[in-house]
Structure formats: C-alpha cells, structure tokens
Amino acid sequence: MLSSYIRAVEQMKALPSSDPRNWEQQARIHQRYCPHGNWYFLPWHRAYLLAFEEICRDLSGNPDFALPYWNWTVDTSIPEPFWSGTLRDATRRISSTDRIGAEFVGQNIIDDILDEEDFELFASLRPTGQNNTDQSWQMARGALAPLERTPPNNIHTWISGNMTTLRSPLDPIFWLHHCNIDRIWAEWNARGNRNTDNILWTDFSFRQNFIDINSRRYDVVVRDLVDVNQLGYSYDVLTQPQETPSLMERVLSRSAGIHRTTNSYFG
Ligand SMILES: [Cu+2]
C-alpha cells in the first residue's frame with residue numbers, strides 16, 4: 001500500500017505546476033479553504049482526504065489504494081519510510097528517533113477526547129454568531145475542541161517546517177496524520193456518539209474546494225460526509241480493544257470498504 005502512495009506522490013510532484021493534481025496545488029487547496037477553529041474542521045478534512053485518495057488511486061494505478069493512517073499514540077515517531085526518498089520532507093526540524101510526548105497524544109488524552117459526548121465540544125465549535133449557511137462562515141472562527149487543538153496542533157509544531165504552515169500538506173506525513181484524526185472521528189461515532197443535526201452544519205456546502213481525477217472542481221455537502229461506510233471505507237480497529245498490532249498493520253490499516261486492502265507494508 002505504501003508503495004502505491006510513494007508512486008502517487010512521485011507522480012503528483014512530477015506533474016506540471018499548472019496541473020490541479022500537482023503536489024503543490026494540492027497543498028494550496030488547504031491554504032485557501034481549510035477551516036480551522038470551527039465545526040467544519042472534521043468534515044472538510046475528510047472531504048479533502050477523499051479527493052486526494054481518489055487522485056492517488058488514479059495516479060498509482062492501484063484501484064485498491066486506501067490512504068494509511070499514522071497512529072501517533074502508538075507510533076510516537078514519524079514512521080521510517082517517511083525519512084527517505086519522496087516521502088521525506090527536508091524542512092522538518094526533528095529526526096527519525098524523536099518522539100512526540102504523551103502529554104499531547106497519549107492514550108489518556110485520546111480517551112478523554114473520545115469520552116466527550118457533545119458534538120461541538122468534541123469536533124470544535126460553530127463560528128460565533130453563525131445564522132445561515134453562507135460560504136463566508138467556512139473560515140469564520142468558533143473555538144477549538146481538544147481533538148483539533150491538542151494532538152494535531154502539537155504534532156504540527158513538533159514536526160515543524162512545512163507542517164507549521166498553511167501549506168502543511170507539502171509534507172507527505174500530513175495526509176496520514178489527518179487520516180488518524182479522521183479515524184478518531186469515526187471511532188467516536190462507532191461508539192454511539194452522534195454528530196449534530198443542526199442544519200447550519202449538515203446543509204453546509206464546501207463549494208468548488210476539491211478537485212476530482214479529471215481536475216474538475218466539485219461541491220460537497222457536510223451531510224454526505226458523516227458516514228464512512230457510505231463513503232466506501234472503514235478503519236480496522238473501530239470500537240475494538242486497544243492492542244498493539246505490528247507496525248505494518250498499523251500503518252496501512254485504513255481500508256476501502258469494497259476493496260479490502262492487503263496487509264503488506266509495501267504491497
Ligand atoms: Cu487543515
């Protein structure tokens with residue numbers, strides 16, 4: 001699976017800079033549209049990962065490709081394949097042996113986050129004063145819940161370099177890092193917690209933010225982003241007791257629903 005990711009990243013970097021699928025262009029989508037500090041944080045990043053994953057599937061030639069996730073609670077260093085070749089980012093200010101502190105990503109922190117039952121206190125709060133679904137609310141400030149604040153923000157500053165900028169997706173680890181946030185959201189739902197049904201959230205549309213494999217922009221409505229099974233993927237360990245699987249399984253355990261993926265690290 002990682003070999004497909006490597007192939008896709010290489011191809012995206014090799015595309016002309018004018019091509020919307022180009023690596024830097026993908027990061028620019030984040031720079032331009034990414035909502036932070038409000039309740040669109042989770043669905044926007046889910047849609048962003050989905051669009052990116054489709055492009056990876058197409059460019060890698062592997063129709064079964066599913067983006068792996070990096071579970072930093074278990075693997076406290078950036079996984080080894082991200083220290084060489086196209087997955088390496090020379091702007092990072094840490095080394096392969098550095099470990100992220102448990103005060104940011106420890107199991108007790110994640111457990112506390114998953115124990116929160118209120119959607120907005122889990123997923124970040126609505127923009128202050130929001131009273132309609134106008135596009136301008138996408139980037140308006142609400143407040144950050146711990147899921148957005150504690151693990152991600154500290155991981156971004158710990159890794160440093162590109163990861164501390166709005167063009168953080170330039171670092172290939174960004175996508176696996178956000179995949180883990182997406183997994184925690186799916187886990188929270190799998191435990192029976194419900195997303196808000198407020199129409200200011202469910203009916204909100206991310207307009208022309210994302211790009212399909214034919215470089216066409218498209219709209220996504222939040223209500224179409226809430227069910228991972230409907231979106232065609234799942235995670236290996238949802239609502240299952242914490243074990244410590246091998247690094248191989250951990251790194252590539254995000255699997256597409258219809259296309260179950262192999263467990264081989266470089267498969
Ligand atoms: Cu972001």
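Attention here is on the structure that accompanies the text. Note that the structure is predicted; figures quoted are calculated from it, not measured.

**Overview of unusual backbone geometry**
Here is step 1: For Ser 124, which is not a glycine, the phi torsion comes out positive at approximately 90°.
Here is step 2: Counting through the fold element by element, Ser 124 comes out in the loop between helix H6 (119-123) and helix H7 (146-159).
Here is step 3: Taking relative accessible area as the criterion, Ser 124 reaches 0% and is therefore assigned buried.
Here is step 4: If you check the backbone angles, Ser 160 has positive phi at about 70° while not being a glycine.
Here is step 5: Mapping Ser 160 onto the fold places it in the loop between H7 and helix H8 (173-190).
Here is step 6: We classify Ser 160 as buried; its relative accessible area is 6%.

**Digging into the coordination of the copper ion**
Geometry sets the ideal angles at a metal, namely 109.5 degrees for four tetrahedral donors and 90 or 180 degrees for six octahedral donors.
Here is step 1: Bound to the copper ion are the protein donor atoms His 30 (NE2), Cys 34 (SG), His 36 (NE2) and His 45 (NE2), situated 2.0 to 2.4 Å from the metal.
Here is step 2: Here the copper ion binds four donor atoms, and the angle range of 67 to 123° at the metal identifies the geometry as irregular.
Here is step 3: Residue class for His 30 comes out buried when judged on its relative accessible area of 2%.

**A look at the environment of Thr 165**
Here is step 1: Note on placement: Thr 165 falls in the loop between H7 and H8.
Here is step 2: Among the polar contacts made by the side chain of Thr 165, one reaches the main-chain carbonyl oxygen of Asn 162 at a distance of 2.8 Å.

**Topic: the pairing of strand S2 (residues 217-221)**
Here is step 1: One ladder, built from four bridges, connects strand S1 (residues 205-211) with S2; its direction is antiparallel. Each residue of the ladder has a partner; that of Ile 211, found in S2, is Arg 217.
Here is step 2: The turn linking S1 back onto S2 is made up of five residues, and Ser 215 within it adopts a positive phi angle of 65°.

**Let's talk about the pattern of salt bridges**
Side-chain pairs of opposite charge can arise where the charged atoms are in close proximity.
Here is step 1: Considering all chains together, one arrives at 11 salt bridges under this definition.
Here is step 2: For Glu 24, the salt bridge identified is with Arg 28, shortest N-O distance 3.6 Å. Linking Glu 24 with Arg 28, this pair stays in helix H2 (residues 23-33), spanning four residues, or about one helical turn.
Here is step 3: Relative accessible area serves as the criterion here: at 36%, Arg 28 is assigned to the partly exposed category.

**Topic: the side chain of Asn 62**
Here is step 1: With respect to the helices and strands, Asn 62 occurs in the loop between helix H3 (41-60) and helix H4 (102-105).
Here is step 2: Of the residues examined, Asn 62 reaches a relative accessible area of 15% and is grouped as buried.
Here is step 3: Here the side chain of Asn 62 touches Ser 4 through a polar contact of 2.8 Å, side chain to side chain.
Here is step 4: Not counting the four nearest positions on each side in its chain, Asn 62 is found in contact with Met 1, Ser 4, Arg 7 and Arg 57.

**Structural notes on the packing of helix H5 (residues 107-115) against H7**
Here is step 1: Two numbers describe how H5 lies on H7: the axes approach to 10 Å, and their chain directions differ by 165°. Taken together, H5 and H7 sit at an angle that is classed as roughly antiparallel. Of the two elements, H5 crosses H7, and the hand of that crossing is left-handed. Note on element contacts: H7 touches H5 through Pro 146, Leu 147, Thr 150 and Pro 151, opposite Ile 109, Ile 110 and Ile 113.
Here is step 2: A per-class count over the contact of H5 with H7 returns six nonpolar, one polar and no charged.

**A short note on H5**
Here is step 1: Taken as a whole, H5 has its buried residues at Ile 109, Ile 110, Ile 113 and Leu 114. One face of H5 carries all of its buried residues, which in axial projection span an arc of 130°. In this structure, H5 carries Asn 108, Asp 112 and Asp 115 as exposed residues pointing more than 90 degrees from its buried face.
Here is step 2: Lining the buried residues of H5 we find H4, H6, H7 and H8.

Cut-offs applied
Residues numbered from 1 in each chain as written. Predicted model: local features only at pLDDT ≥ 70, side-chain atom pairs only at ≥ 80, totals over all residues. Heavy atoms only, no water. Helix = DSSP H or I, 4+ residues; strand = E, 2+ residues; numbered from the N terminus. Buried < 20%, exposed > 50% of the residue type's maximum accessible area, 1.4 Å probe, protein only. Donors = N, O, S within 2.8 Å, 3.2 Å for Na, K, Ca; no water. Tetrahedral: all angles 85-135°; square planar, octahedral: opposite > 155°, others 65-115°. Polar contact = N/O pair within 3.5 Å; in protein donor to acceptor, adjacent residues only side chain to side chain. Pairing = 2+ DSSP bridges. Salt bridge = Lys/Arg side-chain N within 4 Å of Asp/Glu carboxyl O. Contact = heavy atoms within 4.5 Å. Axes fitted to C-alpha atoms, helices over the stretch in contact; angles between N-to-C directions. Parallel < 35°, antiparallel > 145°, perpendicular 65-115°, else oblique. Left-handed = near helix turned anticlockwise from the far one by under 90°. Nonpolar A, V, L, I, M, F, W, Y, C, P; charged D, E, K, R; others polar. Arc of directions from axis to C-beta.

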